[in-house]
Amino acid sequence: MFAQIEAVLFDLDGTLIDSAPDLGAAADKMRTDRGMPSLPLADYRPMAGAGARGMLGVAFGLTPEHADFAALKEEFFTNYEACMTERTSAFEGVPELIAQISQAGLKWGVVTNKSQRFTVPLTRQLPLFSSAQTIVSGDTTPHAKPHPAPLLEAARQLNVQPERCVYVGDDERDIVAGRAAGMPTVAAAYGYLGATADTLGWKADATIVSPSALLNLLRMA
């Protein structure tokens, strides 16, 4: 299944980078600005993959249906824009993984539900992404994951057939999108949901517990 792979596509948050510290800080500032006590990063981390919805859920117990959600979401976005590379870094082993993928002559890129408002400046500031050949954001196409459209757009930009791309992500939506796009899928169990989610139930083609384990699947180790 992985022998004929020509490109590797990754989710962003929770798969390549640990952005939970900055996402949590952006939400926690909203609490402290209101005189509420700070919450530990451990409270925010499991929900980091859910973006504003997850962070506001932890910070204030709000859901998107709440009347104040839209205004608070924009406040969260403003806070996050101001700090989004202060504490964010690649997961251990990711830079080495990307280097080996590139050295093997494979194309690679990112497909994330994060909007271009954040994806563009974030990936420009982090050296890891200097060799990425495509970065598809949540608003690049009319649909976000779990719809396959963003993954198909990434394959189109890379000029690689979808079945020759493998998609790696730490959320069930990633696996659903990858399967719908006709791509082999890999669940990153080291990501934000790995410790609590039933990753086997996602029905990915493979599961990895560290970034370096992907090299074994691609027969590059």
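See above for the structure.
Residues numbered from 1 in each chain as written. Predicted model: local features only at pLDDT ≥ 70, side-chain atom pairs only at ≥ 80, totals over all residues. Heavy atoms only, no water.

Draft legend 1. Representation of the sheet that holds strand β1 (residues 7-10). Sheet architecture is open: 6 strands sit in the order β5-β4-β1-β6-β7-β8, paired in parallel fashion. The open sheet has two free edges, formed respectively by β5 (134-136) and β8 (206-208), since each of these has just one partner strand. Neighbouring strand axes in the sheet, compared pairwise and without regard to direction, differ in orientation by 20 degrees on average. (Pairing = 2+ DSSP bridges. Helix = DSSP H or I, 4+ residues; strand = E, 2+ residues; numbered from the N terminus. Axes fitted to C-alpha atoms, helices over the stretch in contact; angles between N-to-C directions.)

Draft legend 2. Geometry of the side chain of T123. By the element assignment, T123 lies in helix α6 (residues 116-125). By relative accessible area, T123 is classed as buried at 9%. Side-chain polar atoms of T123 contact the backbone oxygen of T119, separated by 2.7 Å. Among the polar contacts made by the side chain of T123, one reaches the main-chain carbonyl oxygen of V120 at a distance of 3.3 Å. Other than its neighbours up to four places away in sequence, T123 contacts F129 and I135. (Buried < 20%, exposed > 50% of the residue type's maximum accessible area, 1.4 Å probe, protein only. Polar contact = N/O pair within 3.5 Å; in protein donor to acceptor, adjacent residues only side chain to side chain. Contact = heavy atoms within 4.5 Å.)

Draft legend 3. Quick look at the packing of helix α1 (residues 20-33) against helix α3 (residues 51-60). Direction vectors running N to C along α1 and α3 enclose 40 degrees, while the axes themselves pass 9 Å from each other. With respect to α3, the element α1 is oriented oblique. Handedness of the α1/α3 crossing: right-handed. Judged by residue contacts, L23, G24, A27, M30 and R31 of α1 engage M55, L56, A59 and F60 from α3. Looking at the contact of α1 with α3 residue by residue, the class counts come to 7 nonpolar, 1 polar and 1 charged. (Parallel < 35°, antiparallel > 145°, perpendicular 65-115°, else oblique. Left-handed = near helix turned anticlockwise from the far one by under 90°. Nonpolar A, V, L, I, M, F, W, Y, C, P; charged D, E, K, R; others polar.)

Draft legend 4. Seen up close, the nonpolar core. One finds V8, F10, L16, F76, F129, L214 and L218 to be the most contacted residues of the largest nonpolar core, which totals 52 residues. It is helix α4 (residues 69-83) that provides the largest number of residues to this core, a total of 6 residues. Setting aside anything within four residues of it in sequence, one finds F10 in contact with T15, L16, L97, I98, I101, W108, G109, V110, V111, Y167, V168 and L214. Counting 14 residues, the second-largest nonpolar core is a separate cluster that includes A7, V136, A154 and A177. (Core = buried A, V, L, I, M, F, W, Y, C linked by side-chain atoms within 4.5 Å.)

Draft legend 5. Here's a closer look at helix α8 (residues 172-180). Taken together, the buried positions of α8 are D174, I175, A177 and G178. All buried residues of α8 project into a common sector of 165 degrees when viewed along the axis, lining one side. Buried positions along α8 lie against α7 (149-158), β6 (165-169) and β7 (185-188). Of the residues that open α8, the one with a side-chain oxygen 2.8 Å from the backbone nitrogen of R173 is D171. Of the residues flanking the end of α8, it is G182, one or two places downstream, whose phi is positive at about 80 degrees. (Arc of directions from axis to C-beta.)

Draft legend 6. Region of interest: unusual backbone geometry. For the peptide bond that leads from K145 to P146, omega is 20 degrees, which places it in the cis range. The residue P146 is located in the loop between β5 and α7 in this model. Although it is not a glycine, N159 adopts a positive phi angle of roughly 60 degrees. One non-glycine residue with positive phi stands out, namely K203, at about 65 degrees. Note on placement: K203 falls in the loop between β7 and β8.

Draft legend 7. Here's a closer look at the pairing of β6. With 5 of 5 residues buried, β6 is to be regarded as a mostly interior element. Sheet analysis places β1 next to β6, joined by 4 bridges and oriented parallel. Residue pairing across strands places A7 opposite C165, the latter belonging to β6. Pairing of β6 with β7, which is carried by 3 bridges, proceeds in the parallel orientation. By the bridge assignment, Y167 is partnered in β7 with T185.

In short, geometric facts, not functional conclusions.
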